[in-house]
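Here's the letter readout for the chains.
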Amino acid sequence: MNYQDINAKTIDSWIEGEGGWEWGKPIPHEEYVKAAHGDWGMLLTPQVPVPKEWYPKLAGCKVLGLAAGGGQQMPLFAALGAECTVLDYSKKQLESERMVAAREGYEIDIIRADMTKPLPFQDESFDLVFHPVSNCYIQDVLHVWRECYRILRPGGRLMAGMGNGFEFVTDWGGTEIKYSLPYNPLKSKELYEQAMRSNDGVQFSHTLNEQIRGQIQSGFRLIDLYEDVDKEGTSARFNIPVYWATLAEKPTLL
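Definitions and limits used
Residues numbered from 1 in each chain as written. Predicted model: local features only at pLDDT ≥ 70, side-chain atom pairs only at ≥ 80, totals over all residues. Heavy atoms only, no water. Helix = DSSP H or I, 4+ residues; strand = E, 2+ residues; numbered from the N terminus. Phe/Tyr/Trp six-rings, centres within 6.5 Å; stacked < 30°, edge-to-face > 60°. Buried < 20%, exposed > 50% of the residue type's maximum accessible area, 1.4 Å probe, protein only. Lys NZ or Arg CZ within 6 Å of the ring centre and 35° of its normal. Salt bridge = Lys/Arg side-chain N within 4 Å of Asp/Glu carboxyl O. Axes fitted to C-alpha atoms, helices over the stretch in contact; angles between N-to-C directions. Left-handed = near helix turned anticlockwise from the far one by under 90°. Contact = heavy atoms within 4.5 Å. Nonpolar A, V, L, I, M, F, W, Y, C, P; charged D, E, K, R; others polar. Arc of directions from axis to C-beta. 1 Å grid on protein atoms, 1.4 Å probe; cavity = no way out; pocket = protein on both sides within 12 Å on 5 of 7 lines; lining within 4 Å. Points joined across faces, edges and corners; volume = space filled by probe spheres on them. Pairing = 2+ DSSP bridges. Right-handed = clockwise from strand over helix to strand, strands pointing away. Polar contact = N/O pair within 3.5 Å; in protein donor to acceptor, adjacent residues only side chain to side chain.

(A) Up close: the environment of Glu-31. Turning to its location among the elements, Glu-31 is positioned in helix H2 (residues 29–36). The spacing of Glu-31 and Pro-75 is 44 residues in sequence and 9.2 Å in space, taken between C-alpha atoms.

Next up, the structure:
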């Protein structure tokens, strides 16, 4: 089994587990109604809401939620009048999208696909790609940025949440610094076996060069960014930012 399939099954198991998974719990009906009346906010990283000025006009906007299943952001985009597509590799995350769409009565294209492969969309198909933290589950980030650039229209925007790698230097309980970077279980038998025992999936640390410089190398113009702190663990106790969120734009043609 390849690592992408392992991660999809792992996330499904988190959702099915006792208490569920924070990022796999669909929004309630009341939150959808509030969004339809203009009261809304979305997350790319654990705590800091995306600034409202980052969003284009959403009525009629063609939005791709990339690795954004779970029924959390796409219902809000739909409530605001966007034309939504969601791509995820977790079956459970996509089931949540179907459930919320049926409950609220909106249309959404739901696609199960592996983002390490070419994305199943034509060039210049979207106005906005909304990509919450998920690159930690793939080894090659540059591929994703290049595909996002390809499928966005000129002037289209990429909003992305990313880990800066620090979250991987501690043990999974977040109590002590234990590992060096880069963190890559595919290159360490010890890390791989530990990840399988702990049901953590196969996760990867990524650098600023991969995450932010990679967007620029793919052709994007970086417009804005912010940092965020995790909700728990060593980094949270010491208020150490371990996440970035970026706003990038595909330049318009001259």
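(B) Here's a closer look at the packing of aromatic side chains. In this structure the tally under the stated criterion is 12 aromatic pairs. Here Trp-14 and Trp-21 contribute two aromatic rings whose centre-to-centre distance is 5.4 Å and whose plane-to-plane angle is 55°, an arrangement assigned as tilted. In this structure Trp-21 comes out as buried when scored by relative accessible area, which is 18%. Taken together, Trp-40, Tyr-55, Phe-77 and Phe-130 form an aromatic cluster joined through their ring pairs. The side chain of Lys-250 reaches across the aromatic face of Tyr-149, ending 4.7 Å from its centre.

(C) Looking closely at the pattern of salt bridges. Evaluated as defined, the whole model comprises 13 salt bridges. For the salt bridge of Arg-150 with Asp-123, the shortest nitrogen-to-oxygen distance reads 2.9 Å. One end of the pair, Arg-150, is in helix H5 (residues 141–151); the other, Asp-123, is in the loop between strand E3 (108–112) and strand E4 (126–131), and 27 residues separate them in sequence. Arg-157 is the salt-bridge partner of Glu-249, the closest N and O atoms lying 3.8 Å from each other. Of this pair, Glu-249 sits in strand E7 (residues 241–249) while Arg-157 sits in strand E5 (residues 152–163), and the two are 92 residues apart along the sequence. In this structure Glu-249 comes out as buried when scored by relative accessible area, which is 14%. When its relative accessible area of 19% is taken as the criterion, Arg-157 is described as buried. Through salt bridges with shared partners, a single ionic network connects Glu-16, Lys-92 and Glu-95.

(D) The arrangement of the packing of H5 against helix H7 (residues 208–217) in detail. At a minimum axis distance of 9 Å, the contact between H5 and H7 shows a crossing angle of 40°. Crossing hand, H5 versus H7: right-handed. Facing H5, whose interface residues are Val-141, Leu-142 and Trp-145, H7 presents Glu-210, Gln-211, Gly-214, Gln-215 and Gln-217. Per-class residue counts for the contact of H5 with H7 are 3 nonpolar, 4 polar and 1 charged.

(E) View of helix H6 (residues 189–198). When we look at burial in H6, the residues that qualify are Leu-191, Gln-194 and Ala-195. On an axial view of H6, the arc spanned by its buried residues comes to 100°, and they lie on one face. In this structure, H6 carries Lys-189 and Arg-197 as exposed residues pointing more than 90 degrees from its buried face. One or two residues past the end of H6 sits Asn-199, with phi positive at roughly 55°.

(F) Examining the layout of surface pockets more closely. If you add up the space inside the largest pocket, you get close to 1300 Å³. Taken together, the elements giving at least two residues each to the lining of the largest pocket come down to helix H1 (3–16), strand E2 (83–88), helix H8 (234–237) and E7. Here the residues of the lining of the largest pocket sort into 24 nonpolar, 16 polar and 9 charged. Here the second largest pocket defines a volume of roughly 190 Å³. As for the second largest pocket, its lining consists of 14 residues, and the residues nearest its centre are Ile-27, Glu-31, Gly-41, Gln-72 and Leu-76. Partitioning the lining of the second largest pocket into residue classes produces 7 nonpolar, 3 polar and 4 charged.

(G) Quick peek at the pairing of E5. Across the 12 residues of E5, 9 count as buried, placing the element largely inside the fold. Where E4 meets E5, 5 bridges bridge the pair, whose relative direction is parallel. Looking at the pairing, His-131 lines up with Ala-160 of E5. Regarding the hand of the β-α-β motif, the stretch spanning E4, H5 and E5 is right-handed. Note: E5 against E7, 7 bridges, orientation antiparallel. Pairing of Arg-157 across the sheet is with Glu-249, part of E7.

(H) Structural context of the side chain of Asn-7. Looking at where Asn-7 falls in the secondary structure, it is placed in helix H1. For Asn-7, a relative accessible area of 5% translates into the label buried. Here Tyr-137 takes part through its backbone oxygen, which lies 3.0 Å from a polar atom of the side chain of Asn-7. Contacts of Asn-7, omitting those with residues within four sequence positions, involve Tyr-137, Gly-201 and Val-202.

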